[in-house]
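This is what each chain is made of:
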Amino acid sequence: MKKIIQCSFCNNNKFKKRFNYTKPITREVKLNIDYKKYNRFYKSCTFCGHWYTEMKINLKDLYSGSYVASTYNNRLHDAFKKIISLPKNKSDNYHRVKRILNFSNSFFKNINKKKIKFLDIGSGLGVFPYEINKLGWDCTAIDPDKTACHHIQKKLGIKTKNIDFVKSRFDKKFNIITLNKVLEHVEEPIKMLKKIKDNLIKNNNFFYIEVPDATEASKLGKDREEFGIDHLHVFTLNSLYLLLKKSDFTPLSINRIRENSSKFTLTAFGKF
Ligand SMILES: [Zn+2]
C-alpha cells in the first residue's frame, strides 16, 4: 500500500500515529512472509478519523490465490456448515440477512420478490448468499478466490463468477448489491464503490456495505480482528459517510452495530 499523504475521504493532510504491530494479532490470516521482519502500523486522519495502514508487507496476490482456503485451513465446507448451524443469537449472518430483508421490503414497494436481482461481491464461504438465495431472490456471488467460487457454485448451487471485481468487467445489472467486509481490504475503496454503479439497475436499486468500526474497536485495544493485517482501511462514521458521498451515491442509512461475534461494525445503505 502506498504511503498516504492526503486523506482520500476528506482531503485533510494531517495524521496521527496509532497502533503499531511487530507481530500478528490473534487469528490473523497466515502469509508467506518473513515474520521476523513483521512491522506495520495504522495512522488516523485528524479530521474524519479514518484509519490507514502503513507497511512494507505486500498483500498483492493474497485474494486471488487461496485466501479463503488458507483462512479456513482447506476445510471450506466444514467451516460453512459450522457457521450456518449457529443459533440466531450467535450468528452475525442471521441479523445481516434480516437487516437487508427489512430494508428491501420497505424500499421496493411493488416488486415481485422472485424478480429481485441480487449480487454479493466478495462472498468467501458463501454463508451470506446461501441465506439470501433461500428468500427466492435471483442471487449471484462473486469472489476472486477460485476454491471459494467452486464451493459456492457446486455445493450451494448459487450462480458465481470467479473474478476480482476491481480489475474485471462484469456486464450484468442488479437491484441490490452487497459488499460485506470487503472495502477494508482494497487499496481504493472509493474507486471500488464507484464501480458498482455500472452494475446497478438505474432508479431501482440500493446497496448495502459493512466495514470495521475503528472508533469503537480501538477502545478495547489493538489485538482485535478489526485491525488485522488484511485491513488496509478501518472506518469511522464520518469516513463511511464521505465514502458514499465521494462515490456519488445518496446515503440512505448509516449505523453502528456490535455483532454477535463481538465485532464492531459500521453498516450503510445507499442508492443512486
Ligand atoms: Zn479524513
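Residues numbered from 1 in each chain as written. Predicted model: local features only at pLDDT ≥ 70, side-chain atom pairs only at ≥ 80, totals over all residues. Heavy atoms only, no water.

Within the element layout of this structure, G221 appears in the loop between α7 (214-218) and β9 (233-234). When the C-alpha atoms of G221 and F19 are compared, they prove to be 8.6 Å apart, with 202 residues separating the residues in sequence. With residues up to four places along the chain from it excluded, the contact list for G221 reads F19 and F227. (Helix = DSSP H or I, 4+ residues; strand = E, 2+ residues; numbered from the N terminus. Contact = heavy atoms within 4.5 Å.)

Two elements in contact, helix α2 (residues 76-84) and helix α5 (residues 146-155), have axes whose closest approach is 11 Å; the angle formed by their N-to-C orientations is 60°. For the pair α2 and α5, the sense of crossing is right-handed. Each of L76, H77 and F80 in α2 lies in contact with α5, whose residues at this interface are T147, A148, H151 and K155. The class makeup of the residues in the contact of α2 with α5 is 3 nonpolar, 3 polar and 1 charged. (Axes fitted to C-alpha atoms, helices over the stretch in contact; angles between N-to-C directions. Left-handed = near helix turned anticlockwise from the far one by under 90°. Nonpolar A, V, L, I, M, F, W, Y, C, P; charged D, E, K, R; others polar.)

Reading across from one edge, β1-β2-β3-β9 is the order of the 4 strands in this open sheet, with antiparallel pairing throughout. Each edge of the open sheet carries a strand with a single partner, namely β1 (15-21) and β9. Bridge count between strand β2 (residues 40-45) and strand β3 (residues 51-55): 5 bridges; the pairing is antiparallel. When the sheet's bridge partners are listed, K43 is paired in β3 with Y52. (Pairing = 2+ DSSP bridges.)

The tally for this structure, following the rule as stated, stands at 21 salt bridges. One salt bridge connects K191 with E188, and the closest N-O pair in it is separated by 3.7 Å. We classify E188 as partly exposed; its relative accessible area is 41%. Among the ionic pairs, E216 bridges to R256, the shortest N-O distance being 3.7 Å. (Salt bridge = Lys/Arg side-chain N within 4 Å of Asp/Glu carboxyl O. Buried < 20%, exposed > 50% of the residue type's maximum accessible area, 1.4 Å probe, protein only.)

Moving on, we get to the coordination of the zinc ion. Summarising the metal site, the zinc ion is bound by the protein donors C7 (SG), C10 (SG), C45 (SG) and C48 (SG), whose distances to it range over 2.3 Å. Because the angles between the 4 donor atoms bound to the zinc ion fall within 97 to 118°, the donor set is best described as tetrahedral. For the zinc ion, the donor residues sit on a single chain with the sequence spacing C-x2-C-x34-C-x2-C. Taken together, the residues span a long stretch of sequence, with C10 in the segment before β1 and C48 in the loop between β2 and β3 at a distance of 38 residues. On the basis of relative accessibility, which here comes to 19%, the residue C10 falls in the buried class. What makes C48 buried here is its relative accessible area of 4%. (Donors = N, O, S within 2.8 Å, 3.2 Å for Na, K, Ca; no water. Tetrahedral: all angles 85-135°; square planar, octahedral: opposite > 155°, others 65-115°.)

It is worth spelling out the pairing of strand β8 (residues 206-212) at this point. Burial of β8 is extensive: 7 of the 7 residues sit out of reach of the surface. Of the two faces of β8, the one lined by F206, Y208, E210 and P212 and the one lined by F207, I209 and V211 are each fully buried. Viewed along the sheet, the connection from strand β7 (residues 176-180) through helix α6 (residues 189-195) into β8 turns out right-handed. Sheet topology note: the β8/strand β11 (residues 264-271) ladder contains 6 bridges and is antiparallel. In the strand pairing of β11, I209 is matched with A268. (Right-handed = clockwise from strand over helix to strand, strands pointing away.)

Our focus in this paragraph is the sheet that holds β8. With mixed pairing, the 7 strands of this open sheet are ordered in space as β6-β5-β4-β7-β8-β11-β10. On the outer flanks of this sheet lie β6 (159-161) and β10 (250-258), each paired with one strand and no other. In this sheet, adjacent strand axes meet at a mean angle of 20° when their direction is disregarded. Where strand β5 (residues 138-142) lies against β6, 3 bridges are found, and the strand directions are parallel. Looking at the pairing, A141 lines up with T160 of β6.

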